[in-house]
Amino acid sequence: MQINTLQPQPVSLKLNLPEQTAAAATGTATNNNTMPGAYVSLSELGKTKAKQAEKNKDIDDSNLPDIIKQILKTIRALKQQIADKQAEIDKAKQDGLQSEQQQEKLKLLQTELSMLNSALGSAQQSLNKAMQQQELSDEQIQTALSLML
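Residues numbered from 1 in each chain as written. Predicted model: local features only at pLDDT ≥ 70, side-chain atom pairs only at ≥ 80, totals over all residues. Heavy atoms only, no water.

K.L.:
Just checking my understanding: could you explain the environment of Lys 93 for this structure?
P.N.:
Here Lys 93 is to be found in helix 4 (residues 66-94). Residue Lys 93 is classed as partly exposed on the basis of its relative accessible area of 47%. Measuring from C-alpha to C-alpha, the distance between Lys 93 and Gln 103 comes to 9.3 Å, with 10 residues separating the pair along the chain. Sequence-distant contacts of Lys 93, that is, excluding residues within four places in its chain, are made with Leu 106 and Gln 110. (Helix = DSSP H or I, 4+ residues; strand = E, 2+ residues; numbered from the N terminus. Buried < 20%, exposed > 50% of the residue type's maximum accessible area, 1.4 Å probe, protein only. Contact = heavy atoms within 4.5 Å.)

K.L.:
Help me understand the side chain of Arg 76, please; the structure alone is not making it clear to me.
P.N.:
Tracing the backbone through its elements, the reader meets Arg 76 in helix 4. Within the local environment of Arg 76, its side chain forms a polar contact with the backbone oxygen of Lys 55, the two atoms lying 2.9 Å apart. At 3.4 Å, the side chain of Arg 76 and the side chain of Asn 56 are in polar contact. Those residues within four positions of Arg 76 in sequence are excluded, and the remaining contacts are Lys 55, Asn 56, Asp 58, Ile 59 and Leu 147. (Polar contact = N/O pair within 3.5 Å; in protein donor to acceptor, adjacent residues only side chain to side chain.)

K.L.:
In this structure, what is going on with the layout of surface pockets? I would like to understand it.
P.N.:
Unfilled space is identified by rolling a water-sized probe across the atoms. Computed from the structure, the largest pocket encloses a volume of approximately 180 Å³. In terms of residue class, the lining of the largest pocket is made up of two nonpolar, four polar and four charged. (1 Å grid on protein atoms, 1.4 Å probe; cavity = no way out; pocket = protein on both sides within 12 Å on 5 of 7 lines; lining within 4 Å. Points joined across faces, edges and corners; volume = space filled by probe spheres on them. Nonpolar A, V, L, I, M, F, W, Y, C, P; charged D, E, K, R; others polar.)

Given below as structure tokens:
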């Protein structure tokens, strides 16, 4: 048998769907608008990133260079982490410090807060340096500073 590879071969476009779904077999009603076997779910990390993307929409929509946008997003994330860490410290203080373990936990939280504050300071310095290097217009500088707040 000889096959001519230059000629188009017939293709079947018939979908291989099951004849009867489990819901149909049990007699329960199904929604005709859904595809069998198609289900999408976001992980908690995915949900967090989606929320973060929405929070940073104003940064993304600005007319700033990408490096400035990225630094601004980092600053926002650090500010959020600082607020969360401060809330943890406040909760730990409210719970009382009866045991040595609780005191160690509070010291650890305070150390983490200090590190986050240091990282925020570094990010703000990076922003200032990047803004100087990018030779931004006065309008862009104002935009960047307002987005940093």
